[in-house]
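Inside the fold
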Amino acid sequence: MPRTARDVVFVDGVRTPFGKAGPKGLYAETRADDMVVRAIRELLRRNPSLPPERVDEVAIAATTQTGDQGLTIGRSAAVLAGLPKTVPGYAIDRMCAGAMTAVTTSGAGISFGSYDVAIAGGVEHMGRHPMGEGVDPNPRFLADRLVDPSALVMGSTAENLHDRFPEITRERADAYALRSQQKVAAAYAAGKIQPDLVPTAVRSAEKGWGLATEDEPPRPGTTMDDLARLRTPFRPHGRVTPGNAAGLNDGATACLLAAEDVAAELGLTARMRLIDFSFAGVEPEVMGVGPVPATERLLARNALTMDDIGLIEINEAFAVQVLAFLAHFKIADDDARVNPWGGAIAVGHPLASSGVRLMNQLARQFEERQDVRYGLTTMCVGMGMGGTVLWENLNWEGTK
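As a convention, each chain's residues are numbered from 1 in the sequence order in which they are written. Local features in a predicted model are, by the rule used here, given only for residues with pLDDT of at least 70; side-chain atom pairs are given and counted only at 80 or more, and totals for whole chains, interfaces and linings are based on all residues. Values reported for side chains reflect all heavy atoms of the structure, with hydrogen atoms and water molecules removed beforehand.

Here's the deal with the UniProt feature "domain: Thiolase C-terminal" (unreviewed entry) in the chain
Short version of the rule: UniProt positions are given in the numbering used here, feature names are shortened, and annotations may be inferred rather than shown by experiment. What counts as a helix is a DSSP run of H or I of at least four residues, what counts as a strand is a run of E of at least two, and both are numbered from the N terminus.
What UniProt calls "domain: Thiolase C-terminal" (unreviewed entry) maps, in this numbering, to residues 271-390. Within the segment residues 271-390, helix and strand shares are 33% and 25% respectively, and the terminal C-alpha atoms sit 14 Å apart.

Observations concerning helix α12 (residues 354-368)
Applied cut-off: Multiplying one less than the number of residues by 1.5 Å gives the expected span of a helix. Buried means the residue's accessible area, taken with a 1.4 Å probe over protein chains only, is under 20% of the maximum for its type, while exposed means over 50%, and partly exposed covers the values in between.
Compared with an ideal rise of 1.5 Å per residue, which puts 15 residues at 21 Å, α12 spans 22 Å between its outermost C-alpha atoms and is within 8% of the ideal. Most of α12 is tucked away, with 13 of its 15 residues classed as buried.

Remarks on unusual backbone geometry
Residues other than glycine seldom take positive phi values, yet Thr-72 does so here, at roughly 45 degrees. Here Thr-72 is to be found in the loop between β3 (57-61) and α2 (73-80). Even without being glycine, Ala-303 reaches a positive phi, approximately 55 degrees. Mapped onto the fold, Ala-303 is located in the loop between α9 (291-301) and β10 (309-314).

Thoughts on the pattern of salt bridges
Two side chains of opposite charge can pair, provided their charged atoms sit close to one another. The criterion, for reference: Here, a salt bridge means any side-chain nitrogen of Lys or Arg that lies within 4 Å of a carboxyl oxygen of Asp or Glu.
Applying the stated criterion to the full structure yields 28 salt bridges. With a closest N to O distance of 3.8 Å, Glu-42 and Arg-38 form a salt bridge. On the criterion of helical spacing, the pair formed by Glu-42 and Arg-38 is a turn pair, its members being four residues apart in helix α1 (residues 32-46). Across the pair Asp-174 and Arg-170 runs a salt bridge whose closest N-O atoms are separated by 3.5 Å. Placement of the pair is Asp-174 and Arg-170 together in helix α6 (residues 170-189), with a separation of four residues, close to one helical turn. On the accessibility criterion, Asp-174 (3% relative accessible area) is buried. Taking the relative accessible area as the measure of exposure, Arg-170 reaches 15% and is therefore buried. When salt bridges with common partners are traced through the structure, they connect Asp-7, Glu-260, Arg-273, Arg-373 and Glu-392 into a single cluster.

Considering the packing of helix α3 (residues 98-112) against α12
Using the following cut-off: Geometry is summarised by axes, namely lines fitted to C-alpha atoms with helices restricted to the contacting stretch, and by angles between N-to-C directions that run from 0 to 180 degrees. With respect to orientation, any angle under 35 degrees is reported as roughly parallel, any angle over 145 as roughly antiparallel, any angle of 65 to 115 as roughly perpendicular, and every other angle as oblique. Contact definition: two residues touch when any of their heavy atoms are within 4.5 Å. Under the grouping applied here, Gly and all other residues not named as nonpolar or charged are polar, the nonpolar ones being Ala, Val, Leu, Ile, Met, Phe, Trp, Tyr, Cys and Pro and the charged ones Asp, Glu, Lys and Arg.
Running from N to C, α3 and α12 point in directions that differ by 70 degrees, and their axes come no closer than 5 Å. By the criterion of interaxial angle, the relationship of α3 to α12 is roughly perpendicular. Between α3 and α12, the residues in contact are Ala-99, Met-100 and Val-103 and Gly-355, Val-356 and Met-359, respectively. Broken down by class, the residue content of the contact of α3 with α12 amounts to five nonpolar, one polar and no charged.

Overview of the packing of aromatic side chains
Our working definition: Only Phe, Tyr and Trp rings are paired, with Trp represented by its six-membered ring, and only when their centres lie within 6.5 Å; those with planes under 30 degrees apart are stacked, over 60 edge-to-face, the remainder tilted.
Summed over all chains, the structure comprises three aromatic pairs. Relative to Trp-391, the ring of Phe-10 lies with its centre 5.9 Å away and its plane at 85 degrees, an arrangement referred to as edge-to-face. Linking Phe-10 in strand β1 (residues 8-15) with Trp-391 in strand β12 (residues 385-393), this pair joins segments that are 381 residues apart in sequence. On the basis of relative accessible area, Phe-10 is assigned to the buried category, the value being 0%. Taking the relative accessible area as the measure of exposure, Trp-391 reaches 0% and is therefore buried. Relative to Phe-329, the ring of Phe-325 lies with its centre 4.9 Å away and its plane at 55 degrees, an arrangement referred to as tilted. Its relative accessible area of 1% is what places Phe-325 among the buried residues.

Examining the side chain of Thr-241
Turning to its location among the elements, Thr-241 is positioned in the loop between α7 (224-228) and β8 (249-259). A relative accessible area of 2% places Thr-241 in the buried class. Beyond its immediate sequence surroundings of up to four residues, Thr-241 is in contact with Arg-170, Asp-174, Leu-230, Arg-231, Thr-232 and Pro-233.

Here we look at the pairing of strand β11 (residues 374-381)
Definition in use: In this scheme, strands are said to pair when DSSP sees at least two bridges between them.
When you tally the buried positions in β11, you get eight out of eight residues, the bulk of the element. Burial along β11 is two-sided: the face carrying Tyr-374, Leu-376, Thr-378 and Cys-380 and the face carrying Gly-375, Thr-377, Met-379 and Val-381 are both buried. Note: β10 against β11, five bridges, orientation parallel. When the bridges of β11 are listed, Leu-311 appears paired with Gly-375. In terms of strand pairing, β11 meets β12 through eight bridges, oriented antiparallel.

Some points on the pairing of strand β6 (residues 200-204)
Here β6 runs beside strand β7 (residues 208-212); their pairing, made up of five bridges, is antiparallel. Across the sheet, the residue bridging to Ala-201 is Leu-211, located in β7. Between β6 and β7, which pair antiparallel in sequence order, lie three residues.

A closer look at the environment of Val-198
Along the chain, the position of Val-198 falls in the loop between α6 and β6. When residues no more than four places from it in sequence are discounted, the contact partners of Val-198 are Val-14, Arg-15, Thr-16, Pro-17, Arg-38, Glu-42 and Ala-212.

Some points on a nonpolar patch on the surface
Heads up, the rule is: Exposure above 30% relative accessible area and the absence of a salt bridge qualify a residue for a patch, where like charges join within 9 Å and nonpolar side chains (Val, Leu, Ile, Met, Phe, Trp, Tyr) within 5 Å. Each accessible area is a Shrake-Rupley result for a 1.4 Å probe, and residues are judged covered by the shown protein chains and nothing else.
A contiguous nonpolar patch, built from Leu-142, Leu-152, Val-153 and Phe-234 and spanning about 300 Å² of accessible area, is present on the exposed surface. Residue classification places Val-153 among the partly exposed residues on the basis of a relative accessible area of 36%.

Set out below in structure tokens:
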């Protein structure tokens, strides 16, 4: 029989502090699946009115699905987190947009009526599983000239984007990166970021057991002179540096989604409403422009313009990618709507987990900005894609 679409809401979201990938990073001796488990358990702890058996699905993303990120991590993490064994789960991969896709896929299932409540998130332990580990690209990609060789190296695609937009200079990218560092430092000082962080047990051979309570990557003392001295690893005399790009990081995220009527029934506080989403493909050689067509389609489908969007959380894989997006929509580099609390250049980008970090921050900002009705979470995706999600602020003054 015909089904009527239901409204889907974002109830809550958490994440582990993000760490630097590598043998000296926060999570060098921590399993990826244990990070996801920590996030799921915290969601349940923060929402005690939710009976665990009411969770209908657990969707967890990982880009490199092997080792402690394998074994259908959505299902294995659900079992490890103590959810009833009747709760199913699955793994998902859309590279950087993995967690974003976990949310949109689960949200679509809720809207359709297949689920009432779902947990969605992502994890990436880039220290244990470097980007591209075990990948075997089909030789036809290059032999048939389907893509340029640079398409397989994300840093090189960012250099290509600089070529396409020569007005986006290294200095302009560095200036954007510096603002990201400064905004994250200011947000930390104001206590904006900490509420979403789940203290996570860590250990190392040198220090023994400890507790990760804040992000490891930020460099609050960064200056333009510091950034100007950095090398360009992807091209001699290039423009992409470790200072104006996100680093290699470890971390996990998870969020709780529900049908709006079910959230009310269970006494869960809905924080924002999922309105629509869009994914789009672009030339893999310039994957950083992916958010542009994804956002254009989304706005057109909902009869909106960028003037209707009061907050934009865009993943900062590379400064040039953000700046290309802003330039296309005629948004100033320092527009106050964009990443008010900073972004991945400072806080880190553990690939498949980052989409939910954007959503967490947008939900928090919505609570403070009752004058804002709509917000976007958007990101570029490896191999030439972009994804954008449109959210409505449930605290918007127009609803009162």
